[in-house]
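Tertiary structure, described
Below are the chains, spelled out letter by letter.
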Amino acid sequence: MPYYAGLKQIKDAAVRKRTIAGLQRLRPALVAAIPPRTATDTLLLATWNIREFDAGQKATFREDEAYYYIAEILSRFDLIAVQEVRDGLYPLQRLQKMLGSWWDFLVTDVTLGASGNAERMAYLYDRRKVNFTGLAAELVLPKEKNATEEPVQMARSPYLAGFRAGWAYLTLATVHIYYGKGVAVDPRRLAEITAFSKTLAKHASKLSGAPQYAPDQKPVADNLIMLGDFNIFNRKDVTMEAISQAGFVVPPELQSVPGSNVDKNKHYDQIAYYQRLTRLRPTGKAGIFDFFEHVYRLADEPEYALERVTKPGRSFKDWRTFRMSDHLPMWIELCIDDGDAYLDSLAGSLA
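I will try to describe carefully the structure that is included in this document. Since we're looking at a predicted model, the values are computed, not measured.

In terms of burial, strand β10 (residues 269–274) is a largely internal element, six of the six residues being buried. Taking every second residue as pointing to the same face, both faces of β10 are buried, with Asp269, Ile271 and Tyr273 on one and Gln270, Ala272 and Tyr274 on the other. In this structure, strand β8 (residues 223–229) lies alongside β10, joined through five bridges in antiparallel fashion. Each residue of the ladder has a partner; that of Leu227, found in β10, is Ile271. Where strand β9 (residues 248–249) meets β10, two bridges bridge the pair, whose relative direction is antiparallel. Among the inter-strand pairings, Phe248 is bridged to a residue of β10, identified as Tyr274.

Let us now look at the side chain of His267. By the secondary structure assignment, His267 is in the loop between α6 (252–255) and β10. On the basis of relative accessibility, which here comes to 14%, the residue His267 falls in the buried class. There is a polar contact of 3.2 Å between the side chain of His267 and the side chain of Arg235. In this structure His267 touches Ile232, Phe233, Asn234, Arg235, Val257, Pro258, Gly259 and Ser260, once residues within four positions along its chain are discounted.

This paragraph deals with empty space enclosed by the protein. Going through the model one piece at a time under the given rule, you end up with two cavities of 30 Å³ or more. Here the largest cavity is characterised by a volume of approximately 50 Å³. Secondary-structure elements contributing two or more residues to the lining of the largest cavity are β10 and β12 (330–335). Its volume calculated, the second largest cavity comes out at about 30 Å³. Lining of the second largest cavity is provided by Arg235, Val250, Leu254, His267, Asp269, Gln270 and Met330. Taken together, the residues of the lining of the second largest cavity sort by class into three nonpolar, two polar and two charged.

The rules behind the values
Residues numbered from 1 in each chain as written. Predicted model: local features only at pLDDT ≥ 70, side-chain atom pairs only at ≥ 80, totals over all residues. Heavy atoms only, no water. Buried < 20%, exposed > 50% of the residue type's maximum accessible area, 1.4 Å probe, protein only. Helix = DSSP H or I, 4+ residues; strand = E, 2+ residues; numbered from the N terminus. Pairing = 2+ DSSP bridges. Polar contact = N/O pair within 3.5 Å; in protein donor to acceptor, adjacent residues only side chain to side chain. Contact = heavy atoms within 4.5 Å. 1 Å grid on protein atoms, 1.4 Å probe; cavity = no way out; pocket = protein on both sides within 12 Å on 5 of 7 lines; lining within 4 Å. Points joined across faces, edges and corners; volume = space filled by probe spheres on them. Nonpolar A, V, L, I, M, F, W, Y, C, P; charged D, E, K, R; others polar.

Structure below.
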């Protein structure tokens, strides 16, 4: 990877040695956990809330070491939705440089207001595999005709973008739902998830990033996928039901993975598609990746004593989430080569 050359520039020899050792543990673990990327056959789609990326009220800027680990993880995917990017674009620009010139990103403006937490949302994607179609918009929930009440407005506007990979066109809608109180069903959280899901479903045909042709021609089919941090505690909660009742489907291979928080007991992050997929299908491989099994391990606590002096009193277990995240990346592998099915359909039409 192009960013490895920068390892030599880490001035502290102990930190440089520790970072190299961390990468040496991380790389084989990623190989074992995540399928290899392909040139044309599959798409590895991921979502990751990277905690206060980079710096916020509770965090300081990340050191080089954390960036190497984050970049190593991101490099295993083709297209990633990232939540909780802070107001500066520095972290995305740095990742782009580390990952290589063929990577690009899309990002929202800063969310204003106290509940928005000065956050952005972004997509990182490898242009060798994924093409941006030109569709990019923040979603404002509309007031429906004859409605007597104003619609719920979300703390952080969802971010829509269109992409093409192989045979498939995708419209992604990433979101960071309001957390509120630390209970399974916070009223505002439920209202946001419900309104977001229903709005996407109702206006799905208008949210396509696929090419639009003349009225007498059949439009190219699109795939509408929501993904991001929904702050869902349990798959049986009404917050999860709001997604399915709107017509969104969580692939079976993602329904059985552990929780995506660090303790793996909350199902905060989700990936779900609307009704059906076209020229795109899950391969059966999906999961989360627990980076803390390989870097910033609890056993490594003594090695970080000097770095932690700026935040005395914070446990190492908590401190390390501001180096990496308190969320684990969630991913799914999708087949984007629809050649066989297309040829079969042509052969059938000539029979």
